[in-house]
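Residues per chain, in single letters:
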Amino acid sequence: MLAPMAEISHRALRELIEGFEGFAGEPGGEGQEYFTEMLSAGALLGGGPFESWYLDAGPCPRRLVYQLAGADPARLERAAALLDRRDCLGIDINMGCAAPAIRRTGAGTAWMADINKAAAMIGRVRDAVRQRRLSVKLRLDGSPGGGLGTAAPPQERAAGPADILEYLVRFCRRLEAEGVELITLHPRRAGEKFKRRARWEYVEALRRELAIPVAGNGDIGTAAELLRRAGEGRAMVGRAAVRQPWIFAEARSPAGTGRPPVNLEETALRFLELLARYQPPEFHISRARRFFNYFCDNLKWGTHVKNLLNREQSLGGIERAWKAYFAAHPEESLPPPG
Ligand SMILES: Cc1cc2nc3c(=O)[nH]c(=O)nc-3n(C[C@H](O)[C@H](O)[C@H](O)COP(=O)(O)O)c2cc1C
């Protein structure tokens, strides 16, 4: 599954990924899901100027999961009802975003701090989602201060691994009881940054405790790792799918080691084309920067190239700077070994 990533998980990236599918007669994107970037429930209901772009479910709506973020149960319920009527696979509720600007509003991981509140909200959303799969993406807990949620007894507030798991299981069982059909766990605590490793042992432990499927997410970096994780259960990939949009096709290739033919220069040029086609002009520069922030990691002089591209103010300028780099370094067109 492609992870929901703000300003990244949009149609242009999905098209780019799909372009690598089926390269060696492998079955193509069957079973592969695409989560959208989080959509604000309030903006969706308010009919903001960019909502039609956010709602674009192409190129494969039946494998698309809309992710909703919000703090107000009534709005989440109404927004979910609206999405339920669209052609898509599912609706996911964001309880995993730890960005302070989101948390402060009561959305994202803030939901995980109170089991009863979260369960009541999910109950309302469940009533609204009649046709599509309802899922939740979350972290290990909801309190950036190191304690568990406010619903946890005081003695648990300085939490060790057993406390964290106990709270997580209790939280997820309530969601399961409310009718959630899939949980994706990004096994970091609310305040933890990427430099601390994702603790997949919690994914395994949660799988043992729930009847519904649990997808794991965090730090998958190569097709071989994706293949291994997908062998254990469902797996979600975020940043590595921007660095290597071929990662799903490569993981699905017959021997698990075959990479589709990749040319880095052409791949990014194709992305720029897709961006121009499938995103509004107001989004072009921010989305291009997000993409290149990860994609440039494939290059020997990636930081230098990122800086060059960041100076550009148009897609045309980015394209020219990108081509100029490869004219000077043609050997960089091949990706580093996976
Ligand atoms: C730029 C960026 C934006 C993100 N936006 C979202 C989001 O909108 N919703 C969400 O649930 N998680 C979001 N995440 C978290 C990812 O979905 C994922 O959990 C995290 O990147 C760990 O997976 P990875 O190691 O495969 O990248 C975002 C992550 C990044 C890097």
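Fair warning: this is a prediction, and the values are worked out from it, not measured in the lab.

A. Focus on the overall build of the chain. Counting its regular elements, the chain contains 15 helices and seven strands. Projecting the C-alpha coordinates of the chain onto the three principal axes gives extents of approximately 60 × 40 × 40 Å. Burial statistics for the chain: of 338 residues in total, 43% are counted as buried. Partitioning the contacts of the chain with sequence separation of at least 6, the portion at a separation of at least 24 is 70%.

B. Quick look at the sheet that holds strand 4 (residues 133-138). Taken in spatial order, the seven strands of this open sheet run 1-2-3-4-5-6-7, and their pairing is parallel. If you trace the sheet from one side to the other, it starts and ends with strand 1 (34-40) and strand 7 (235-236), each paired once. One ladder, built from two bridges, connects strand 6 (residues 214-217) with strand 7; its direction is parallel. Directly across from Asn217, in strand 7, lies its bridge partner Met236.

C. Quick look at the domain arrangement of the chain. Taken domain by domain, the chain comprises domain 1 (33-219) and domain 2 (264-333). Relative placement of domain 1 and domain 2: their C-alpha centres are 32 Å apart.

D. Main features of the packing of helix 1 (residues 11-18) against helix 12 (residues 264-278). Direction vectors running N to C along helix 1 and helix 12 enclose 140 degrees, while the axes themselves pass 8 Å from each other. By the angle class used here, helix 1 and helix 12 are oblique. Every pair of crossing elements has a handedness; the one defined by helix 1 and helix 12 is right-handed. For the pair formed by helix 1 and helix 12, the contact residues are Arg11, Ala12, Glu15 and Leu16 on the first element and Arg270, Phe271, Leu274, Leu275 and Tyr278 on the second.

E. Expanded view of the site of the ligand. Contacts to the ligand come from 21 residues, most closely from Ala3, Met5, Met38, Gly238 and Arg239. Secondary structure elements with two or more residues in the shell around the ligand: strand 1 and helix 10 (239-243). Partitioning the shell around the ligand into residue classes produces 10 nonpolar, seven polar and four charged.

F. Layout of the pairing of strand 1. The element strand 1 is largely enclosed, with a buried count of seven among its seven residues. In terms of strand pairing, strand 1 meets strand 2 (residues 64-69) through five bridges, oriented parallel. Residue pairing across strands places Leu39 opposite Leu68, the latter belonging to strand 2.

Cut-offs used in this document
- Residues numbered from 1 in each chain as written.
- Predicted model: local features only at pLDDT ≥ 70, side-chain atom pairs only at ≥ 80, totals over all residues.
- Helix = DSSP H or I, 4+ residues; strand = E, 2+ residues; numbered from the N terminus.
- Buried ≥ 20, exposed ≤ 12 C-beta atoms within 10 Å, placed from the backbone.
- Contact = placed C-beta atoms within 7 Å.
- Pairing = 2+ DSSP bridges.
- Domains from an automatic or database assignment.
- Axes fitted to C-alpha atoms, helices over the stretch in contact; angles between N-to-C directions.
- Parallel < 35°, antiparallel > 145°, perpendicular 65-115°, else oblique.
- Left-handed = near helix turned anticlockwise from the far one by under 90°.
- Near = placed C-beta within 6 Å.
- Nonpolar A, V, L, I, M, F, W, Y, C, P; charged D, E, K, R; others polar.

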